[in-house]
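Inside the fold
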Amino acid sequence: IDGTLAARYLQARGIKQLSNLDALRFHPHCHYRPSPRDKTSVAPAYPALICAVTDDGGQQTGVQRTWLDPSGTAKARVASPRRSLGQIAGHAIRIGTPDGILVAGEGLETMLSLREALQGLPVQAATSAAHLAAMSLPAGTVRLYVARDRDPAGDAAFAALTSRTKSVGIEIHPLVPRLGDFNDDLVAAGPAELARRLLGQLHPDDATRFGAR
């Protein structure tokens, strides 16, 4: 996505670390099927950020498409600028390789915001609260951090994951934003302040591990 509107879109959201994002691609002219809520003037295609959704073994099972405004600074002005296609439930957009520590949340921008603050942090975006609740828990996971959105759907997803992790002996810890989500926190306070707040919510071993990078 280097040098594309997709990169510009993420940068407008405060996300500057764009290396090693193998799950992300840019499509300059991605078909958009209008919904009943769209205006009649909606275009048949827009530039789009395309994300691979994969299972625990790295096999692609679907994609998520985010249509972008031609300026690259916002989503396209359509009724549903973000849609998924394929087998999404239980899978995720994965950035980095977890090593016993799994950091998961709903949206791509939320999870890239955590990575922006704590470089090297492996993260995965389940694409929605419902999919987060149903997300698979890879073998070898010791601790699960859940980047929660401050809304009822986020509460329900965390409750479901708490029940599932308890039955298999995985530690679960919430990561709670100060504002609506962690991208809001990143834009408002910057990566250094977000890192400080995140490190205070991590297990001491993980705070030492990721805070030193």
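First, a word on what this report is: a plain description of the structure on this page. This one's a predicted model, so the numbers in the text were calculated from it and none came from an experiment.

**Points about the state of the cysteines**
Scanning the model with the defined rule gives zero disulfides in all. Free of any disulfide, Cys30 has its nearest cysteine sulfur in Cys51, 11 Å distant.

**Some points on the environment of Ser35**
Summarising the element assignment, Ser35 is placed in the loop between β1 (24–31) and β2 (45–54). In the structure, Ser35 is positioned 15 residues away from Ile50 in sequence and 20 Å away in space, judged by C-alpha atoms. Residues within four places of Ser35 in sequence aside, it is in contact with Ala79 and Arg83.

**Some points on the side chain of Asn183**
Along the chain, Asn183 turns up in helix α5 (residues 182–189). Beyond its immediate sequence surroundings of up to four residues, Asn183 is in contact with Arg13, Ile15, Glu109, Thr110 and Ser113.

**Observations concerning the side chain of Asp206**
On the secondary structure map, Asp206 appears in helix α7 (residues 204–211). Residue classification places Asp206 among the buried residues on the basis of a relative accessible area of 2%. Within the structure, the side chain of Asp206 is placed 2.8 Å from the side chain of Arg143, a separation counted as a polar contact. If sequence neighbours within four positions are ignored, Asp206 has contacts with Ile101, Arg143, Tyr145 and Gly211.

**Observations concerning the packing of aromatic side chains**
One pass over the structure, following the stated rule, counts two aromatic pairs. Arranged with centres 6.1 Å apart and planes meeting at 85°, the rings of Tyr32 and Tyr46 form a pair that is edge-to-face. Here Tyr46 lies in strand β2 and Tyr32 lies in the loop between β1 and β2, a separation of 14 residues in the sequence. Given a relative accessible area of 0%, Tyr32 falls into the buried group.

**A look at the sheet that holds strand β9 (residues 171–175)**
Overall, mixed pairing links the five strands, which are arranged β5-β7-β6-β8-β9 in an open sheet. Where the open sheet ends on each side, the last strands, each with one partner, are β5 (93–95) and β9. The average undirected angle you get between the axes of adjacent strands in this sheet is 25°. Examined bridge by bridge, strand β6 (residues 101–105) and strand β8 (residues 143–147) share five bridges and lie parallel to one another.

**Observations concerning the pattern of salt bridges**
Following the criterion strictly, the structure yields eight salt bridges and no others. Linking Asp206 and Arg143 is a salt bridge whose minimum nitrogen-to-oxygen distance equals 2.8 Å. Here Asp206 is found in helix α7, whereas its partner Arg143 is found in strand β8, with 63 residues between them in sequence. Comparing Asp206 with Arg143 shows no difference in burial state: the two are buried.

**Examining the pairing of β8**
Most of β8 is tucked away: five of the five residues are buried. Residues Arg143, Tyr145 and Ala147 line one face of β8 and the alternating positions Leu144 and Val146 line the opposite face, and both faces are buried. Pairing analysis gives five bridges linking β8 to β9, with the strands arranged parallel. Its bridge partner lying in β9, Tyr145 is registered against His173. Once you follow β8 into helix α4 (residues 152–168) and on to β9, the crossover reads as right-handed.

Procedures and definitions
Residues numbered from 1 in each chain as written. Predicted model: local features only at pLDDT ≥ 70, side-chain atom pairs only at ≥ 80, totals over all residues. Heavy atoms only, no water. Disulfide = S-S within 2.5 Å. Helix = DSSP H or I, 4+ residues; strand = E, 2+ residues; numbered from the N terminus. Contact = heavy atoms within 4.5 Å. Buried < 20%, exposed > 50% of the residue type's maximum accessible area, 1.4 Å probe, protein only. Polar contact = N/O pair within 3.5 Å; in protein donor to acceptor, adjacent residues only side chain to side chain. Phe/Tyr/Trp six-rings, centres within 6.5 Å; stacked < 30°, edge-to-face > 60°. Pairing = 2+ DSSP bridges. Axes fitted to C-alpha atoms, helices over the stretch in contact; angles between N-to-C directions. Salt bridge = Lys/Arg side-chain N within 4 Å of Asp/Glu carboxyl O. Right-handed = clockwise from strand over helix to strand, strands pointing away.

Bear in mind that shape data such as this cannot, by itself, settle questions of function.
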